[in-house]
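Descriptive structure summary
One-letter residues, chain by chain:
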Amino acid sequence: MSDIIISLDKVRKVYFLDTVEVEALKDISLDIHAGDFVSIAGPSGSGKTTILNLIGCVDKPTSGTVVVSGKRTSDLDDDSLTELRHTSIGFIFQTFNLIPVLNIRENVELPLLLDSQSARSQPKVESKAERKEWVDFLIESVGLKDRMLHKPAELSGGQRQRVAIARALVMKPAIVLADEPTANLDSATGESILRLMRHMNESFGTTFIFSTHDPDIVEEADHVIRLKDGRIIEDRRRSGASATHLAANLETAEATGTEGGQL
Amino acid sequence: MIAARLAWGNLGLHRRKSLLIGMIMGMGILILFIGNSFIDTALSGLQHMFVQGYTGDLMVTGPTEFPTTVLGETAGSEEVLPHIAQIKKYEDFLAGRHDVAATLPLLSGQVDFGIGETELGSGYCFGVNADDYRKFFPDNVTLVSGGWPKEGDGPWVLLSEPTLALLNKSAPAPVQPGSKIIMTALANSAGTVIREVTVKGVIKFNQSNQQLAGITLADADTMRDLLGFASLRDGAPVLTGQEASFVNNFDPNALFENLFVSGNAKQGSDPEAKQGSDPSVASGASGAGLSGQGAVNADKTDKAVNADRAVKAEVVPAWQFLLIRVKPGASSARLLSDLSAFSKQIGDGDRVQDWVAGAGKVARTAVTIRLAFDLLVAVVAVVVVMIMMNVLIISVNERLYEIGTLRAIGAKRRVVRNMILYETAFLAVIAGAAGLAIGLVVLLLLGKSGIRAPNLFFEALFGGQVLKPMVSAGAAIRAFLWILAMGLGASWYPTIVALRIEPVIAMRGD
């Protein structure tokens, strides 16, 4: 079994909407292993994005611990969290979030350019020539070689998401988080994006975690985490090995009368 | 640099906002550039005219609490400015300074001109040593007709062209070099003084305004007479021993005591008690006569012993002004400070002032215009900064997801801050270049227009009688720095807003 790269232990996340307290996650515990292709499934409001936010170090838990690449995120300051995101995590957003003023090549290269801002971070791609070669390779890999100098506005949704995948991988991160990456795409394009992600997962050994509410896409994952009302109702690995915290989550689900735990 | 690349791209993407802010900046630079150029022109023109032609860089005047112009105009109540009692000490002090190029003593006042019983007009007159004056202001006086006065000449005047024209309007016979005219003045210590002088020549001031162009130059002794100071025309007074003794032991109180007390018991009042009395009293010309210390400086040790021997008084001539020219590159502010300290040390209450005070209303107007302009700029700057700030905040709020995405993928806060600062700086440079280019064209066109100043206010504004705004690199740099500072000031709060954007916002989608 591969090493655990992400671990959530009794994580609770509470938001305040004016004076109303909304508990988005309720004592969540889970482990994700390096190289996993993980889907987080559940209906809207179940807490999928909140889990991704916590794993992606863009948010902190109200209680409990989140450990990413061996670092407890609640112990890190803003700069360290930024560093961790930059070096270890790639993001694929539902709305693509490409930078409109940069062309495709520049968008993909952007995280590498941000790399030079930090004295602490060691560039994973050393020379300019290597960088160029690597960026070109990624763009070619996502099938956009002939669109390299186009602006995002000149691309279709699927093409933009391909660019986002290439950008997410350019720093050779250990983890890529994708928040409903196919939600804004038609089914055929969505499938192709998923295949691409799978291909990258297998090629680079990168851990992919994506959220979705599409049941067909959920089943493409090796490791499925199903959420409902802020609780895990299923934590299943395709290999047959159930996640460490599955029993506990099932107990919780039973206690709250929710369905789940089907392997 | 990625922050600069993003900033540049954003300017293009948000063209309307960039154009709006750019136009505000460009207009600001244009107004500042033209305004500062005008003011620089005014001050530089006036400074050149006065320093090179009338006041020097600095001047010492006789005791007065108020700024006094070289024409003798003072805000105080003196009809005639007192003389500098210890001018020699100033001259010695200045001679020892490496930053002083030259000094010139000068008398100044208003006089009436006439021929016989006919009054011809009045004007300002400087009492000078002609050679010294020409050496001090070598480029400002041109002889139009007649000749320069020579040493040993009798009382003389050099009439300026406008004054000659004024006199000839009502003169019974044309006034010209060689003519004798009457000069009259009301001296506060000597009543009305009348002197006949010879017109030696007609002069023209190369740099002048309506007021200065009519100045008459006269020999210093004539001017001393007219102002009520003791003249040295006939050399120092020669006193008999008895006179010297009287002068040195003079006690006005004793006169009155003698009226009521019989005998002359007080005649021999203690001479030692008079040692410290005001030396000007001894001159018999009050404070406005022979100069200060030792106005009549008879040898006091001998005075009692050699009562019958004739004593020649050592006399320092009275001067109201000592003009000072600072060497090129030297700091006149520093000399002003040092000289003020020295003057305080002397303790006569003399005034040390710069050319602005010496030039009077016209220079003060220019300085006031500059202050008013700076104040106006400061007020407008606040308004402009508020407008720019609002536009930038809107711009930041429209880019929440973009900035959030940058933060999410690893951009530290400083990248976001630099991006906004670069946007402001790029706009300042582009708008600045446009504003400066337009300003340059406007200044060149105004320079060619040859607009004449209709009055003293505009003369102060134009820095001379004709508008010739100089294209000042200093004004351009100041305008650019102002706008850059305003731009950076305006981007301060929007930057804080941008830095508060958390990466999590990127996950919410746009």
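Residues numbered from 1 in each chain as written. Chains lettered and ligands numbered in written order. Predicted model: local features only at pLDDT ≥ 70, side-chain atom pairs only at ≥ 80, totals over all residues.

**As for the overall build of chain B**
Across its full length, chain B holds 17 helices and 12 strands. Per-residue burial over chain B gives 44% buried out of 510 residues. Counting only contacts in chain B whose residues sit at least 6 apart along the sequence, the fraction spanning at least 24 positions is 78%. (Helix = DSSP H or I, 4+ residues; strand = E, 2+ residues; numbered from the N terminus. Buried ≥ 20, exposed ≤ 12 C-beta atoms within 10 Å, placed from the backbone. Contact = placed C-beta atoms within 7 Å.)

**Focus on the overall build of chain A**
A count of helical and extended segments in chain A gives 8 helices and 10 strands. When the 263 residues of chain A are sorted by exposure, 47% land in the buried category. Across chain A, contacts joining residues at least 24 apart in sequence account for 69% of those joining residues at least 6 apart.

**Quick notes on the packing of helix α1 (residues 2-13) of chain B against helix α15 (residues 413-449) of chain B**
Residue and element names in this part refer to chain B. Where α1 meets α15, the axes come as close as 8 Å, and the angle between the chain directions of the two elements is 55°. Comparing their axes, α15 and α1 come out oblique. When the axes of α1 and α15 are compared, the crossing they make is right-handed. Contacts between α1 and α15 involve Ile2, Ala3, Ala4, Leu6, Ala7, Trp8, Asn10 and Leu11 from the former and Val415, Asn418, Met419, Tyr422, Glu423, Phe426 and Leu427 from the latter. (Axes fitted to C-alpha atoms, helices over the stretch in contact; angles between N-to-C directions. Parallel < 35°, antiparallel > 145°, perpendicular 65-115°, else oblique. Left-handed = near helix turned anticlockwise from the far one by under 90°.)

**Brief notes about the environment of Leu446(B)**
Residues and elements named next belong to chain B. Mapped onto the secondary structure, leucine 446 falls in helix α15. The class of leucine 446 is partly exposed, set by 18 C-beta atoms lying within 10 Å. Taking the C-alpha atoms as reference, leucine 446 lies 7.1 Å from lysine 468; in sequence the two are 22 residues apart. Those residues in contact with leucine 446 that lie beyond four places of it in its chain are Leu467 and Pro469.

**Thoughts on helix α14 (residues 400-408) of chain B**
Burial of α14(B) is extensive: 7 of the 9 residues sit out of reach of the surface. Against the buried residues of α14(B) lie α2 (78-88) and β6 (89-92) of chain A together with α15 and α17 (473-499) of chain B. Taken from the residues just after α14(B), Gly410(B) is the one with a positive phi, measuring 120°.

**Focus: the packing of helix α2 (residues 15-53) of chain B against helix α13 (residues 361-398) of chain B**
Residues and elements named next belong to chain B. Axis separation between α2 and α13 bottoms out at 11 Å; the angle between their running directions is 170°. In this view, α2 runs roughly antiparallel relative to α13, as classed from their interaxial angle. Residues Lys17, Leu20, Ile21, Ile24, Gly28, Leu32, Gly35, Ile39, Ala42, Leu43, Leu46 and Phe50 of α2 pack against Val362, Ala363, Ala366, Ile369, Arg370, Phe373, Val377, Val384, Ile387, Met388, Val391 and Ser395 of α13. A breakdown of the residues in the contact of α2 with α13 according to their chemical character gives 19 nonpolar, 3 polar and 2 charged. (Nonpolar A, V, L, I, M, F, W, Y, C, P; charged D, E, K, R; others polar.)

**Structural notes on the pairing of β6(A)**
As a general feature of sheets, a regular strand has side chains that alternate between the two faces. Residues and elements named next belong to chain A. A two-sided burial pattern is seen for β6, the buried positions comprising Ile89 and Phe91 on one face and Gly90 and Ile92 on the other. Where β6 lies against strand β7 (residues 175-179), 4 bridges are found, and the strand directions are parallel. Looking at the pairing, phenylalanine 91 lines up with leucine 177 of β7. (Pairing = 2+ DSSP bridges.)

**Quick look at the nonpolar core**
Residues Ile209(A), Ile29(B) and Leu322(B) are the most contacted members of the largest nonpolar core, which totals 192 residues. Here this core gets 15 residues from one element, more than from any other, and that element is α2(B). In terms of domain composition, this core takes at least three residues from each of domain 1 (2-49 + 363-508) and domain 2 (63-229 + 318-349) of chain B. (Core = buried A, V, L, I, M, F, W, Y, C linked by C-beta atoms within 7 Å. Domains from an automatic or database assignment.)

**Things to note about unusual backbone geometry**
All names here are of chain A. The phi dihedral of lysine 10 falls on the positive side, at around 50°, and the residue is not glycine. When you line up the elements, lysine 10 lands in strand β1 (residues 4-17). For aspartate 229, which is not glycine, the phi torsion reads 50° and is therefore positive. With respect to the helices and strands, aspartate 229 occurs in the loop between β9 (223-228) and β10 (231-237).

**Some points on the sheet that holds β6(A)**
All names here are of chain A. Reading across the sheet, the 6 strands line up as β6-β7-β8-β3-β9-β10 and stay open at both edges, with mixed pairing between neighbours. Each edge of the open sheet carries a strand with a single partner, namely β6 and β10. Averaged over all adjacent pairs, the angle separating strand axes in this sheet is 15°, with direction ignored. Examined bridge by bridge, strand β3 (residues 37-41) and β9 share 4 bridges and lie parallel to one another. When the bridges of β9 are listed, alanine 41 appears paired with arginine 226. Set on the sheet, helix α1 (residues 48-55) makes contact with β3, β7, β8 (207-212) and β9; between it and β8 the angle comes to about 155°. Lying on the sheet, helix α6 (residues 187-204) is in contact with β3, β7 and β8; it crosses β8 at an angle near 155°.

**Examining the interface of chain B and chain A**
Taken together, the contact pairs 22 residues of chain B with 24 residues of chain A. When contributions to the side of chain B that touches chain A are tallied by element, the ones reaching two or more residues are α1 and α14 of chain B. The class makeup of the residues in the side of chain B that touches chain A is 12 nonpolar, 6 polar and 4 charged.

**A few points about the sheet that holds strand β4 (residues 63-68) of chain A**
Residues and elements named next belong to chain A. Taken in spatial order, the 4 strands make up an open sheet running β2-β1-β4-β5, and their pairing is antiparallel. Looking at which strands have only one partner, the edges of the open sheet turn out to be β2 (20-33) and β5 (71-72). Of the strand pairs in this sheet, β4 and β5 are connected by 2 bridges, and their pairing is antiparallel. Residue pairing in the sheet places valine 67 in a bridge with arginine 72 of β5. Where α1 meets the sheet, its contacts fall on β1, β2 and β4, and the angle it forms with β1 comes to roughly 120°.

**Examining the confidence of the model for chain B**
As a note on interpretation, predicted positions should not be read in detail where pLDDT is low. The predicted model of chain B has a mean per-residue pLDDT of 81, with 82% of residues at 70 or higher. Contacts from residues 262-308 of chain B, a stretch scored under 50 in pLDDT, to residues over four places away or in other chains number 87 contacts. (pLDDT = per-residue confidence, 0-100.)

**So, helix α11 (residues 332-346) of chain B**
Residue and element names in this part refer to chain B. Between its terminal C-alpha atoms α11 stretches 20 Å, which fits the 21 Å expected from 15 residues at 1.5 Å a residue. Inspection of α11 places Ser332, Leu335, Leu339 and Ser343 among the buried residues, and these make up the whole buried set. Axial view of α11: buried residues confined to an arc of 70°, hence all on one face. For α11, the exposed residues lying more than 90 degrees away from the buried face are Ala333, Arg334, Ser337, Ala341, Lys344 and Gln345. For α11, the secondary structure elements touched by its buried residues are β1 (58-61), β2 (100-115), β11 (321-326) and β12 (351-354). A positive phi of about 80° marks glycine 347, the residue just after α11. (Expected span 1.5 Å × (residues − 1). Arc of directions from axis to C-beta.)

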